[in-house]
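Architecture at a glance
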Amino acid sequence: MKTGLVYDDIYLRHNWKNHPENMDRLISIVQELDRNRILKHVERIKPRRAKVEEVAFNHDPTYIQEVHDFCSAGGGYLDPDTYAVAESYEVALYAVGGVLEGIDALLSGELETVFCAIRPPGHHAEYSKAMGFCLFNNVAVGAWYLLNKGFKRVFIIDFDAHHGNGTQKSFYEEDRVFYFSTHEYPFYPGTGSDKEKGAGKGLGYTYNVPLNAGAGDEEYESIYGSLLPKLMKEYEPQFVLISAGYDIHKDDPLTYLNVSTQGVRNIVKSILITCRELKVPSLFALEGGYNLKALAECVSATMEIMLEV
């Protein structure tokens, strides 16, 4: 499988000391990928700066300007969890642009799967609201980018421990995007019950699998080995976007799930095998994961499987 990696040191410039979502997350990932010699076997993709009008596919232009102005004034906290520093606006544009550049690399036909080692994360960011460490919704902008190119069926998989409220809201009434999420529930941000199924023409195209604290490899194997492939094959997507949140790991300090590194490997392998069967490109975008060792191991495992499948 031809595999690409989106990364740039600009992602380290968004940083707040002692916050769990900090630059050490990517430093640890890159060090582990280098140690395991994975970097030698993937195509390196340089992210671009997303245009404001591209970010506005998913966000209120007034909100985008507010983030710009907030960062220009030196930053601070946009909500109780979500910080921004002077350079965060630019970094967030490059996070969105990393996903868009990854999509374009896949659309060129030269690659089959891409991992975007980007930050800040995105899946909690709503139309006009930063939350949950997220400024702009990288994956949601990517999905709109594909729809604007004429795609009719985009499948989003979100395996972060927290429900992607922002992504779900973006496509809740949209049948051209199927949003599938597994997450700890009830837990932050409080959304993601199995009763949330979409609305209007989007009814049936949101599928949440809420999991109890302590859920681990066995529960995830059932979902990703059986349920998800069935849903994907029924929907017949033209493109698959994955919000890859490694805070599902048993060692993560912010969550209460019990997935092992091997369990993560099984999730990723099932996704990639299904994508291969459907002959559809896949793009993984980093979301959560706050134990540096577990995060680095899980991303490395993800890319090893990308190279193997």
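Rules behind the numbers
Residues numbered from 1 in each chain as written. Predicted model: local features only at pLDDT ≥ 70, side-chain atom pairs only at ≥ 80, totals over all residues. Heavy atoms only, no water. Helix = DSSP H or I, 4+ residues; strand = E, 2+ residues; numbered from the N terminus. Expected span 1.5 Å × (residues − 1). Contact = heavy atoms within 4.5 Å. Polar contact = N/O pair within 3.5 Å; in protein donor to acceptor, adjacent residues only side chain to side chain. Phe/Tyr/Trp six-rings, centres within 6.5 Å; stacked < 30°, edge-to-face > 60°. 1 Å grid on protein atoms, 1.4 Å probe; cavity = no way out; pocket = protein on both sides within 12 Å on 5 of 7 lines; lining within 4 Å. Points joined across faces, edges and corners; volume = space filled by probe spheres on them. Nonpolar A, V, L, I, M, F, W, Y, C, P; charged D, E, K, R; others polar. Axes fitted to C-alpha atoms, helices over the stretch in contact; angles between N-to-C directions. Parallel < 35°, antiparallel > 145°, perpendicular 65-115°, else oblique. Left-handed = near helix turned anticlockwise from the far one by under 90°. Pairing = 2+ DSSP bridges. Buried < 20%, exposed > 50% of the residue type's maximum accessible area, 1.4 Å probe, protein only.

**Some points on helix 3 (residues 61-72)**
Three or four residues apart is the spacing at which side chains of an α-helix point the same way, because the helix has 3.6 residues per turn. An ideal rise of 1.5 Å per residue puts 16 Å on 12 residues; helix 3 measures up with 16 Å between its terminal C-alpha atoms. Those residues of helix 3 that are buried lie in contact with helix 2 (52-55), strand 3 (75-77), strand 4 (83-85) and helix 4 (88-107). Taking the backbone nitrogen of T62 as reference, a side-chain oxygen 2.9 Å away marks D60 as the first, capping residue of helix 3. Downstream of helix 3 by a residue or two, G74 has a phi angle that is positive, lying close to 110°.

**Description of the packing of aromatic side chains**
This model, assessed by the stated rule, comprises 20 aromatic pairs. Ring geometry for W16 against Y77: centres 5.0 Å apart, planes inclined by 75°, an arrangement best described as edge-to-face. Pair noted here: W16 is in the loop between strand 1 (3-6) and helix 1 (24-35) and Y77 is in strand 3, with a separation of 61 residues, a long-range link. Consider the rings of Y220 and Y224, whose centres lie 6.1 Å apart with planes at 5°: the pair is stacked.

**Considering empty space enclosed by the protein**
In this approach, a probe sized like a water molecule rolls over the atoms, and the result shows the empty space that is left. Tallied over the full model, the rule gives one cavity of 30 Å³ or more. One number sums up the size of the largest cavity: a volume of about 50 Å³. Lining the largest cavity are D217, Y220, E221, Y224, G225, G263, N266 and I267. Broken down by secondary-structure element, the contributors of at least two residues to the lining of the largest cavity are helix 7 (217-235) and helix 8 (261-278). Ranked by residue count, the leading element in the lining of the largest cavity is helix 7, at five residues. Classifying every residue of the lining of the largest cavity gives three nonpolar, three polar and two charged.

**Some thoughts on the packing of helix 4 against helix 5 (residues 138-148)**
Between two packed helices, the angle of one axis relative to the other and the distance separating the axes together describe the packing. It is the contact of helix 4 with helix 5, at a shortest axis distance of 9 Å, that shows an interaxial angle of 40°. Accordingly, the angle class assigned to the pair helix 4 and helix 5 is oblique. As helix 4 packs across helix 5, the resulting crossing turns out to be right-handed. Counted together, A92, A95, V96, V99, L100, I103, D104 and L107 of helix 4 and N138, V141, G142, Y145 and L146 of helix 5 form the full contact between these two elements. Looking at the contact of helix 4 with helix 5 residue by residue, the classes come out as 10 nonpolar, two polar and one charged.

**Comments concerning the sheet that holds strand 1**
What the eight strands build is an open sheet, ordered 2-1-5-10-9-6-7-8; its pairing is parallel. Strands with a single pairing partner mark the edges of an open sheet, and in this sheet they are strand 2 (43-45) and strand 8 (206-211). Going from strand to strand, the sheet's axes swing by 15° on average, the running direction of each strand aside. When strand 1 meets strand 5 (residues 113-116), the two strands line up parallel, connected through four bridges. Residue L5 lies in a different strand from strand 5, and its bridge partner there is F115.

**Here's the deal with the side chain of N138**
Position of N138 relative to the elements: it lies in helix 5. Take N138: its relative accessible area is 2%, and that puts it in the buried class. A polar side-chain atom of N138 sits 3.1 Å from the main-chain carbonyl oxygen of P120. Contacts of N138, omitting those with residues within four sequence positions, involve A92, A95, V96, V99, I118, P120, P121 and G122.

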